[in-house]
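# Architecture and fold: a report
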Amino acid sequence: MVVGATGQIGRAAVGALARDGWEVTAVSRGGGRDESWPDEVRTARADRADDDALAAAVGDGCEVLVDMVAYEPAHARQLVSLADRVGSAVVISSISVYEDDKGRGFDTQGEPDGFPEYPVPLTEDQRTVAPGDTSYSTRKAGLERELLAAGERLPTTLLRAGAIHGPHCRTPRELYFVKRNLDGRSRRVLPFGGVSRFHPASVHNIAELIRLAAARPGSRALNAVDPDAPTVAEIAAAIDAVMGVETETVLLDGPPPSPTVGDTPWSVPVPVVCDMSAAERELGYRAVVRYADRLPETVAWIEAHLAGRDWREAYPRMFQTYGDLFDYAAEDAYLDALGA
């Protein structure tokens, strides 16, 4: 049973599991289905926030429950309460649960102590933030802790995803460069020398990890990222190539000059790059795609979703998360001053 089946990762995971021979029930609030799924995939309607509805969807039981939308400790307790009817679970988490050796994490990056300095590559042995209800990261950490504590009662594989990319994403980082190209912007500003790296994670690679974990139950947390971690300058150039445009890049040695000039969704002062050795060792995992392989479908999805709409209407969560990404007046003023 896949909960959150019509979301970004869910669509790919349902297809991967069904093609692997599983009898799959795709659960979502709308009860819909994706046109790419095999006909034998069953659908069910349930809101995972409704305990009774989720229990009813599980029914007499399932061998594996895959949860795309579990977010906090209460969701962990909800899953554990179904342990007598569920063989094992696979749950999506995030690399945002990590903190560095000085106690800095993604939640502290705007504070005086600065951005966390993680080891490269970042392994699952790295410490995580304390569970709490103050942020996305602390809630995910609480979710992880309760599910791992369940142990053999509900063996759970937690997949710590990086910067997820692919169709159907509600917060696609690629929007930053796609929209600029559509708007005919011939110059861009990249801070930190354009070498920022924030490890991407394709929905297809995450779906492959889900497929493998479903067949190999266990209690563990594993990174879930692509085999490569391109720099922001490489990502920008790859999107330009897909869209057939050429753009002049202005590289800055330091941070963005203002919150609306050059502050891309990948712009971090130190690299965030994860190690995938544990998944390779425990699951026999091998990536099925590289970042550039599926970039055309990501770009095409963003273009289609933007067509005829203001970007803030098409992607409201992007605006809520990052603010005004396209303050061209501020950017032009900065570039004019820089040129002078």
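Data block above holds the structure.
Since we're looking at a predicted model, the values are computed, not measured.

We now examine the nonpolar core. Looking at soluble globular proteins, one finds that nonpolar side chains tend to be buried together. Within the largest apolar cluster, 71 residues are counted, with the highest numbers of intra-cluster contacts made by Phe-177 and Ile-210. By residue number, the principal contributor to this core is helix H6 (residues 203-215), which donates eight residues. If sequence neighbours within four positions are ignored, Ile-210 has contacts with Ile-9, Ala-13, Leu-17, Val-66, Met-68, Val-90, Ile-92 and Leu-159. Within the second largest apolar cluster, 24 residues are counted, among which are Ala-70, Ala-89, Ala-150 and Leu-154.

For the rest of this paragraph, the subject is unusual backbone geometry. Of the consecutive residues Val-120 and Pro-121, the connecting peptide bond is found in the cis state with omega at 0°. Phi at His-168 is positive, roughly 70°, even though this residue is not glycine. For His-168, the location among the structural elements is in the loop between strand S7 (163-165) and helix H5 (175-182). Exposure remark for His-168: the relative accessible area of 28% places this residue in the partly exposed category. At Phe-192, a position not held by glycine, the phi torsion is positive, near 55°. Position of Phe-192 among the secondary structure elements: in the loop between strand S8 (187-190) and strand S9 (200-202).

Buried residues dominate H5, accounting for seven of its eight residues. Next to the buried residues of H5 lie S8, helix H7 (232-243), helix H9 (295-306), helix H10 (311-314), helix H11 (316-322) and helix H12 (328-339). Following H5 by one or two positions, Gly-184 has its phi on the positive side, about 75°.

Right, let's get into the side chain of Ser-28. Assignment of secondary structure puts Ser-28 in strand S2 (residues 25-28). For Ser-28, a relative accessible area of 5% gives the class buried. Beyond its immediate sequence surroundings of up to four residues, Ser-28 is in contact with Ala-5, Thr-6, Ala-44, Arg-45 and Ala-46.

Of all nine residues that make up strand S5 (residues 86-94), eight are buried, and the element is covered over most of its length. Pairing analysis gives five bridges linking strand S4 (residues 62-67) to S5, with the strands arranged parallel. By the bridge assignment for S5, Asp-67 is matched with Val-91. In this fold, the crossover linking S4 to S5 by way of helix H3 (residues 73-80) has right-handed handedness. As defined by bridge partners, S5 adjoins strand S6 (residues 156-161) across six bridges and the pair is classed as parallel. Of the residues in S6, the one forming a bridge with Val-90 is Thr-157.

Checked against the element boundaries, Gly-132 lands in the loop between S5 and helix H4 (136-150). Of the residues examined, Gly-132 reaches a relative accessible area of 28% and is grouped as partly exposed. Taking the C-alpha atoms as reference, Gly-132 lies 32 Å from Pro-230; in sequence the two are 98 residues apart. Contacts of Gly-132, omitting those with residues within four sequence positions, involve Thr-138 and Arg-139.

The next thing to look at is the pattern of salt bridges. Tallied over the entire structure, the rule returns 19 salt bridges. Between Arg-139 and Glu-72 there is a salt bridge, with the nearest N and O atoms lying 3.8 Å from each other. Here Arg-139, found in helix H4, pairs with Glu-72, found in the loop between S4 and H3; they are 67 residues apart in sequence, far enough to count as distant. In this structure, Arg-211 engages Glu-208 in a salt bridge whose closest nitrogen and oxygen atoms are separated by 2.9 Å. With Arg-211 and Glu-208 both in helix H6, this residue pair falls three residues apart, about one helical turn. By relative accessible area, Glu-208 is classed as buried at 14%.

Rules of the game
- Here the residue numbering is sequential within each chain, running from 1 through the sequence in written order.
- Confidence filtering applies because this is a predicted model: local features only for residues at pLDDT of at least 70, side-chain atom pairs given and counted only at 80 or more, and all residues used for totals across whole chains, interfaces and linings.
- Based on all heavy atoms of the structure, the side-chain values leave hydrogens and waters out of the count.
- Only buried residues count toward a nonpolar core. Its members are Ala, Val, Leu, Ile, Met, Phe, Trp, Tyr and Cys residues joined through side-chain atoms within 4.5 Å.
- Relative accessibility decides the category of a residue: with a 1.4 Å probe and only protein chains considered, values under 20% of the type maximum give buried, values over 50% give exposed, and everything between is partly exposed.
- Each helix is a run of DSSP H or I of at least 4 residues and each strand a run of E of at least 2, with the numbering of both proceeding from the N terminus.
- Two residues form a contact once any of their heavy atoms are found within 4.5 Å.
- Pairing between two strands requires that DSSP report at least two bridges joining them.
- Orient the strands so they point away from the viewer, and a crossover whose first-strand-to-second-strand path over the helix runs clockwise is right-handed.
- Each salt bridge in this description consists of a side-chain nitrogen of Lys or Arg and a carboxyl oxygen of Asp or Glu lying within 4 Å of one another.

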